[in-house]
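Structure at a glance
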Amino acid sequence: MRRNFTTLAEPVDMSTGFKDFFDTIGLTGGGLVTKGIAAVIAVIAVRMLLQLSSDPKGALRKGGMAIGTLFVAVVLALYGDTLFSTVTEAKG
């Protein structure tokens, strides 16, 4: 009885280390750091939302700050690599 194996993915040479790995997932090292920072900020924002007080005025203020922090995390996750690429690849 002979088995037929199906190749799910082509082998990739990753002998140069992390650069090859980041190229295969479509991120640079800086892009990965930006996504990590955005994830940490998002966790902080969700924690801020969960710690709202029973005082309506204080809860509204803290909730607004938490929503603003979450917005910053989303913008950083979506456009962070573009924003920071101007800093790291400046020519002059």
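Residues numbered from 1 in each chain as written. Predicted model: local features only at pLDDT ≥ 70, side-chain atom pairs only at ≥ 80, totals over all residues. Heavy atoms only, no water.

Some points on the confidence of the model for the protein chain
The criterion, for reference: The predictor reports its confidence for every residue as pLDDT, a score running from 0 up to 100. We count a stretch as a helix when DSSP gives it H or I for four or more residues in a row; a strand needs E for two or more, and each element gets its number in order from the N terminus.
Looking at the protein chain, the pLDDT average stands at 76 and 70% of residues meet or exceed 70. Between the elements of the protein chain, mean pLDDT differs from a low of 64, seen in helix 1 (residues 18–25), to a high of 82, seen in helix 2 (residues 29–50).

Some details on the environment of Val72
Selection rule: Buried residues are those whose accessible area, probed at 1.4 Å on protein chains only, stays under 20% of the maximum for their type, while exposed residues exceed 50% and partly exposed ones sit between those limits.
With respect to the helices and strands, Val72 occurs in helix 3 (residues 56–88). Using a relative accessible area of 47% as the deciding quantity, one classes Val72 as partly exposed. In this structure the C-alpha to C-alpha distance between Val72 and Ile41, which are 31 residues apart in sequence, comes to 8.0 Å.

Overview of the environment of Ala66
This is how it is decided: Contacts were defined at the residue level, with two residues in contact if any of their heavy atoms lie within 4.5 Å.
In this structure, Ala66 sits in helix 3. For Ala66 and Leu49, which are 17 residues apart along the polypeptide, the C-alpha to C-alpha distance reads 5.8 Å. If we skip the residues at most four places from it in the chain, Ala66 touches Ala45, Met48 and Leu49.

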